[in-house]
Amino acid sequence: MRLDKYLKVTRLIKRRTVANEACDAGKIIVNDKIARASYDVKIGDIITINMGQRPLKVKVLNVSEYATKENASENCTIIDN
């Protein structure tokens, strides 16, 4: 799944266009490398989102095309910095 879609499906970023713009601005890092919106997300990837006061670091646990509000949090877990 594309990175921008993954960020939207897991509700880490509210809209896909915002996720796409964040990738273009270099604010999304995957496995310590700046990632493009077209990056193919895999289980085990570490995604760092540098938006806001403090960066958010998450580990990909599952990649599913659709997620409801209740099970969106099952796709990733927050890692302490």
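What counts and how
Residues numbered from 1 in each chain as written. Predicted model: local features only at pLDDT ≥ 70, side-chain atom pairs only at ≥ 80, totals over all residues. Heavy atoms only, no water. Core = buried A, V, L, I, M, F, W, Y, C linked by side-chain atoms within 4.5 Å. Buried < 20%, exposed > 50% of the residue type's maximum accessible area, 1.4 Å probe, protein only. Helix = DSSP H or I, 4+ residues; strand = E, 2+ residues; numbered from the N terminus. Contact = heavy atoms within 4.5 Å. Arc of directions from axis to C-beta. Salt bridge = Lys/Arg side-chain N within 4 Å of Asp/Glu carboxyl O.

Observations regarding the nonpolar core
Step number 1: Grouped together as the largest cluster of nonpolar side chains are 18 residues, with contacts concentrated most on Leu3, Tyr6, Leu7, Ile28 and Ile47.
Step number 2: Those elements giving two or more residues to this core turn out to be helix H1 (3-9), helix H2 (16-24), strand E1 (28-30), strand E3 (46-49) and strand E4 (56-60).
Step number 3: Once you skip the residues sitting within four places of it in the chain, Tyr6 turns out to touch Met1, Val41, Ile47, Val60, Leu61, Asn62, Val63, Asn75 and Cys76.

Side note on H2
Step number 1: Looking only at H2, the buried set comprises Ala19, Ala22 and Cys23. One side of H2 holds all its buried residues, which, seen down the axis, span an arc of 100 degrees. Opposite the buried face of H2, by more than 90 degrees, sit the exposed residues Thr17, Glu21 and Asp24.
Step number 2: Where the residues of H2 are buried, they touch H1 and E1.
Step number 3: Where H2 ends, the next residue or the one after it, Gly26, has phi of about 80 degrees, a positive value.

Details of the pattern of salt bridges
Step number 1: The tally for this structure, following the rule as stated, stands at three salt bridges.
Step number 2: The salt bridge partner of Asp4 is Arg16, with a shortest N-O separation of 3.4 Å. With Asp4 in helix H1 and Arg16 in helix H2, this pair connects stretches of sequence that are 12 residues apart.
Step number 3: Accessibility expressed as a relative area gives 2% for Asp4, which makes it buried.
Step number 4: Through salt bridges with shared partners, one network takes in Arg2, Asp4 and Arg16.

Regarding unusual backbone geometry
What is expected of a backbone is that most residues other than glycine have negative phi and most peptide bonds are trans.
Step number 1: Positive phi, close to 65 degrees, is recorded for Arg11, a residue that is not glycine.
Step number 2: Positionally, Arg11 belongs in the loop between H1 and H2.
Step number 3: Here the phi dihedral of Asp32 falls at roughly 65 degrees; this positive angle occurs in a residue that is not glycine.
Step number 4: With respect to the element layout, Asp32 can be found in the loop between E1 and strand E2 (33-34).
Step number 5: Since its relative accessible area comes to 73%, Asp32 is described here as exposed.

Looking at the side chain of Asn75
Step number 1: With respect to the helices and strands, Asn75 occurs in the loop between E4 and strand E5 (76-78).
Step number 2: What Asn75 contacts, discounting residues up to four positions off in sequence, is Tyr6, Val9, Thr10, Lys59, Val60, Leu61, Asn62, Ser64 and Ala67.

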